[in-house]
Structure formats: structure tokens, C-alpha cells
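# Fold and contact review
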Amino acid sequence: ARLVVLVSGAGTNLQALLDTIAVQHVVGYGAEVVAVGADREDIAGLRRAREAGIPTYVCRLGDHADRAAWDVALTRATEEYEPDLVVSAGFMKIVGAEFLARFQGRFINTHPALLPSFPGAQAVREALAHGVRITGCTVHFVDDGVDTGPIIAQGAVEVRDEDDETALHERIKDVERRLLVEVVGRLARDGYRIEGRKVRIP
Ligand code: GRF
């Protein structure tokens, strides 16, 4: 399967996919990253892609008249690579109707909390502030809400008394990277069906 990965920051989830593909390519992980897209320049995620020789593209909101125009540009740039599956791995923008019309049903996101708890961009901080003892990460299909699409897989992470946001997010990311690699491999290799809020992987 052809993957396009969307990033906005460090790109360690992207790196986990690249490392797996590099190691497992011969045994048929079933997916290859054909391009990496971002909403901003000068981030480690883009450097990781370039080091791996993978084409990159950047669609900055500020370069477009409004969000709708940005959404169209992001959709067009992504379509260029004819992805089978689009993976948002730390992509910090909410895509619009154009992107969803084109990719909903084959567009997944990884989120650093156990959805439906703590949706949005401050999930780790909010979980910590709320005092939960268990948090985690979720890989889900993207729909027209914010972190509300059908859940594919989740991983639990304990919260420790001494945790601050960074420490907790790093511990979540350890689980998240493994979860994302497994989910992408299974979706790519085995196919899947989405039935309402249920995701079936044969
Ligand atoms: C991940 O925890 C993702 O769930 C969240 O931002 C983080 C991105 O990390 N949205 P990285 O850029 O993959 O290192």
C-alpha cells in the first residue's frame, strides 16, 4: 500500500514507520511511505523524510487566502502521490471538507489519549491536569469531527506521580509508535471494513 504521512513536528511516529519498512520491507510489511506532507517548514519530520529520500511537500495555511483554499491545496498535493492510506502522525491541523471528501475512509490519525477522553491538541496536558491514573493513545479513522472517528486500536499508559507533560507524552509515544506501526501494517496487508463505528480487520 502507498502511504502518505502528514506531520507537523518531530516526526518520531513517521520515523517508526520508516524504520519498520526498512527492516521488514523484504517480509512484506505491505506499506511504503511514498511522500510526507507538512503544514510548516523547518521541522524534524521533514528532515527525517528527506534523509530517507522520500518526497516532501508543505502546505502552509498562511500561503492561502483562507482555510478552504488551504484545504484544496493540501488535497491536491496529497492526491499527487495517489495514496492508498493517509496517516496523520502529529499533524496539527484540522482538514476540511475537500480533504475528507477525497480521503475519508482511508485517512487515520494517532492521538495521545484514550478517546473519547481528551480530544484536541492538549490531550496530554488535560489528562495530567484531570488526574487520570491511566491514559494512553488511540489510532482512529478521521471523520469530520475533532478526534471523533471510528477507533481502530488503543494502548494504555500509566500516569506516574512524578510525571510532567513531557515525561508522560514521551511514555505515551513509546506505546503510540508501536501501535501505529502495527495498525498500519494490518490495514495495509489485511484490508479492513468500517461498519458505523466499528472497524473490522479480517
Ligand atoms: C504524537 O503524540 C501525536 O499523537 C500527537 O503529537 C505527537 C507527534 O509526535 N498529535 P511526533 O511528531 O510523531 O514525534
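Let me sum up the structure you'll find in this document. What you see as residue numbers is a count from 1 along each chain, following the sequence as written. pLDDT decides what is reported in this predicted model: residues at 70 or higher carry local features, side-chain atom pairs at 80 or more are listed and counted, and totals for whole chains, interfaces and linings draw on all residues regardless. Heavy atoms throughout the structure, all of them, feed into the side-chain values; hydrogens and water do not.

## Details of the site of the ligand
Among the 14 residues in the neighbourhood of the ligand, the closest are listed as G11, T12, H169, K173 and E176. As used in this structure description, the phrase polar contact means that two N or O atoms lie within 3.5 Å; if the pair is within protein, one of them must be able to donate a hydrogen and the other to accept it, and residues adjacent in sequence are counted only when both atoms belong to side chains. Within the side chain of E176, an N or O atom sits 2.4 Å from an oxygen atom of the ligand. For the accessible areas, the method is Shrake-Rupley and the probe is 1.4 Å, while residue cover comes only from the protein chains on display. Relative to its unbound accessible area of 360 Å², the ligand is 90% covered by the protein chains. Judged by the fraction of its atoms near the pocket grid, the ligand is located in the largest pocket. Elements supplying a minimum of two residues to the shell around the ligand: α1 (12-24), β5 (107-111) and α6 (165-190). Segments assigned H or I by DSSP are reported as helices when at least four residues long, segments assigned E as strands when at least two residues long, and all are numbered from the N terminus. Here the element with the most residues in the shell around the ligand is α6; it accounts for three residues. Within the shell around the ligand, the residues separate by chemical class into four nonpolar, eight polar and two charged. When at least one non-hydrogen atom of a residue lies within 4 Å of a molecule or strand, that residue is treated as near it. The method works on a 1 Å grid over the protein atoms by themselves. A cavity is a set of points holding a 1.4 Å probe that cannot get out, a pocket is an open set with protein on both sides within 12 Å along at least five of seven lines, and residues with an atom within 4 Å of a point line them. If over half the atoms of a molecule are within 2 Å of the grid points of a cavity or pocket, the molecule is regarded as sitting in it. Amino acids outside the nonpolar list (Ala, Val, Leu, Ile, Met, Phe, Trp, Tyr, Cys, Pro) and the charged list (Asp, Glu, Lys, Arg) are all regarded as polar, and Gly is one of them.

## Comments concerning the sheet that holds strand β2 (residues 32-38)
Judged by pairing direction, the sheet is mixed, and its seven strands sit side by side in the order β3-β2-β1-β4-β5-β6-β7 without closing on themselves. Looking at strand neighbours, the two that pair on one side only are β3 (56-58) and β7 (151-158), the edges of this open sheet. Across the sheet, the mean angle separating the axes of adjacent strands is 20° when strand polarity is ignored. Relative to β2, strand β1 (residues 2-7) runs parallel, the two being bridged by six bridges. Each bridged residue has a counterpart across the sheet, and for V7 the counterpart in β2 is A38. We call two strands paired when DSSP finds no fewer than two bridges between them. In this description, a line fitted to the C-alpha atoms serves as the axis of each element, helices being fitted only across the stretch in contact, and the angle between N-to-C directions of two axes falls anywhere from 0 to 180 degrees.

## Brief notes about the nonpolar core
Counting residues in hydrophobic clusters, the biggest one holds 45 residues, and the most contacted among them are V5, V33, V36, V87, I108, I152 and V184. Take this core: its biggest share by element is nine residues, from α6. With residues near it in sequence (within four places) discarded, V184 still touches L3, L17, Y29, A31, V87 and I108. The next biggest cluster of nonpolar side chains, apart from the first, holds 17 residues, and it includes L6, C59, V86 and F103. In these notes, a set of buried Ala, Val, Leu, Ile, Met, Phe, Trp, Tyr and Cys residues joined through side-chain atoms within 4.5 Å is what counts as a nonpolar core. A 1.4 Å probe rolled over the protein chains alone gives each residue an accessible area, and that area as a share of the maximum for its type sets the label: buried under 20%, exposed over 50%, partly exposed in between. Residues are treated as being in contact if the distance between any of their heavy atoms lies within 4.5 Å.

Spatial relationships are all this shows, so hold off on functional conclusions.
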